[in-house]
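Coordinate analysis (summary)
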Amino acid sequence: MAPVPSFPVKVGHIDDVQELKKIKPSSIPERFVRDMIERPKLATVTTPSSCSLNIPVVDLSRISNSQDFHNEIMKLSTSCEEWGFFQVINHGIDLDLLEKMEKIAMEFFMLPLEEKQKYPMAPGTVQGYGQAFVFSEDQKLDWCNMFALGVEPHFIRNPKLWPTKPLDFSETVDIYSREIRKLCKKLLKYIAMSLGLNDDIFEEMFGVAVQAVRMNYYPACPRPDLVLGLSPHSDGSALTVLQQGKCSSSVGLQILKDNVWVPVQPIPNALVINIGDTIEVLTNGRYKSVEHRAVTHQEKDRLSIVTFYAPSYEIELGPLEELVDENNPCKYKRYNHGEYSMHYVTNKLQGKKTLEFAKIYDN
Ligand SMILES: COC(=O)C(/C=C/C1=C(C)CCCC1(C)C)=C/O[C@H]1C=C(C)C(=O)O1
Ligand SMILES: O=C(O)CCC(=O)C(=O)O
Ligand SMILES: [Fe+2]
């Protein structure tokens, strides 16, 4: 079963940030204003050390070339261990398709509010148009409009939430998702190789993988120093593939490395990949599901298109025995992924707190 909370959720009024921007309020509504500790530091005051760091870039064409294979797989391994994030170039996905996906996502967000509200995200759920992960009336809100759809397997789809406008929206999401699915399978093979495991291990274990797509639209914000585009979180997926909008050039994604928020500089035509909680658990913490967030910009808007790729809800998982020994004692319990998904989607985004579900604390 797809994870859906069964309890009633009262979230209060949630302002649509695109509409807010149009009425130009004299101040930012209180529900969006973050406590001091959470507020992002603007680029001008970001420490120089964090600015000079860049997440690694993995070139997939080098992995399929026998001469470069070893070095590139090593780079993939270091990226997953030290960063939990990397950008892939030469990923093989048709650039026109990426562009088309960006175009239809943008066209959707530019529709009148009444049209978008035909596909509402019900309080406490994660599919449709609105704000996900809001569970109470006093919870702070993100400066973001989201539109999310379950894609695979088909039973997680809610056909009522697939828009009829723009006309080619659903077809494009389907074609795009098929290509991203192939990429995820390929990446998981390489990740398995980088760990010295059988390259089919994840594919065989995952069953029919769950796949969802979320489009995040962050309008420009008059006070980016007070708000967050997206709250800090780690992803509950095995892998996440993130496409940053080309038209919107603002840098918005930040990852937490050694306690510093490091901005991810978009590389044209690259895709950002991050390790999700499932791979952290399976690798017994060797590959990290890293906390990340999005910030907004005073003048520029930003779009991101995010695919979550995860095992079937039926599977039981825990650290792979090959990655547990006396030097690396088992850090996570075994659990059912459907239960983890339910836990993930019924809790607010709060850094790495959701993964506490699986942690063993006594070693
Ligand atoms: C920040 O994370 C998410 O929005 C998210 C949601 C994914 C989903 C949908 C949009 C539709 C129904 C399925 C699913 C829960 C996957 C993250 O996805 C992660 C979280 C879990 C758990 C997971 O498996 O993928
Ligand atoms: O917009 C971004 O860059 C971050 C999106 C993200 O982390 C998510 O949707 O889970
Ligand atoms: Fe994320």
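Every chain begins its residue count from 1, and numbering advances along the sequence as written. Lettering of chains starts at A and numbering of ligands starts at 1, both following the order in which they are written. Note on the predicted model: pLDDT of at least 70 is required for a residue's local features to be given, and 80 or more for side-chain atom pairs to be given and counted; whole-chain, interface and lining totals, by contrast, use all residues. For the side-chain quantities, the full set of heavy atoms in the structure was used; hydrogens and water were omitted.

- Identification of the protein chain as Protein SRG1 isoform X1 from Solanum pennellii is taken from an unreviewed UniProt entry.
- UniProt positions are given in the numbering used here, feature names are shortened, and annotations may be inferred rather than shown by experiment. You can read under Sequence similarities (unreviewed entry) in the UniProt record for the protein chain the words "Belongs to the iron/ascorbate-dependent oxidoreductase family."

Quick notes on the coordination of the iron ion (ligand 3)
- Nitrogen, oxygen and sulfur within 2.8 Å of a metal are treated as its donors, or within 3.2 Å for sodium, potassium and calcium (Na, K, Ca); water is not counted, so a site can appear incomplete. Here the iron ion (ligand 3) is held by H233 (NE2), D235 (OD) and H292 (NE2), and the distances to it run 2.1 to 2.3 Å.
- For the iron ion (ligand 3), the donor residues sit on a single chain with the sequence spacing H-x1-D-x56-H. An identical accessibility class is assigned to H233 and D235; each is buried. Whether a residue is buried, partly exposed or exposed follows from its accessible area with a 1.4 Å probe, protein chains only, as a fraction of its type maximum: under 20%, in between, or over 50%, in that order.

A look at the site of ligand 2
- For ligand 2, the set of nearby residues contains 13 residues, the closest of which are R214, Y218, H292, R302 and S304.
- N or O atoms closer than or at 3.5 Å make up a polar contact, with two conditions inside protein: a donor-capable atom paired with an acceptor-capable one, and, for residues adjacent in sequence, both atoms drawn from side chains. Contacts to ligand 2 include H292, whose side-chain N or O atom sits 3.0 Å from an oxygen atom.
- Between ligand 2 and S304, the relevant distance is 2.6 Å, taken from an oxygen atom to a side-chain nitrogen or oxygen of the residue.
- For the accessible areas, the method is Shrake-Rupley and the probe is 1.4 Å, while residue cover comes only from the protein chains on display. Relative to its free-state accessible area of 300 Å², ligand 2 is covered by the protein chains to the extent of 99%.
- More than half of the atoms of ligand 2 fall within 2 Å of the grid points belonging to the largest cavity.
- Contributions of two or more residues to the shell around ligand 2 are made by β5 (210-218), β6 (230-233) and β12 (302-310).
- Note that Gly is not counted as nonpolar here; it falls among the polar residues with everything else outside the nonpolar set of Ala, Val, Leu, Ile, Met, Phe, Trp, Tyr, Cys and Pro and the charged set of Asp, Glu, Lys and Arg. When the residues that make up the shell around ligand 2 are grouped by side-chain class, the tally is six nonpolar, four polar and three charged. We define proximity as follows: a residue is near a molecule or strand when any one of its heavy atoms falls within 4 Å of that partner. With a 1 Å grid spanning the protein atoms alone, the term cavity applies to any set of points in which a 1.4 Å probe fits but cannot get out, the term pocket to an open set with protein on both sides within 12 Å along at least five of seven lines, and the term lining residue to any residue with an atom within 4 Å of a point. A molecule is said to be in a cavity or pocket once over half of its atoms fall within 2 Å of that pocket's grid points. Think of it this way: any DSSP run of H or I at least four residues long counts as a helix, any run of E at least two long counts as a strand, and we number them from the N terminus.

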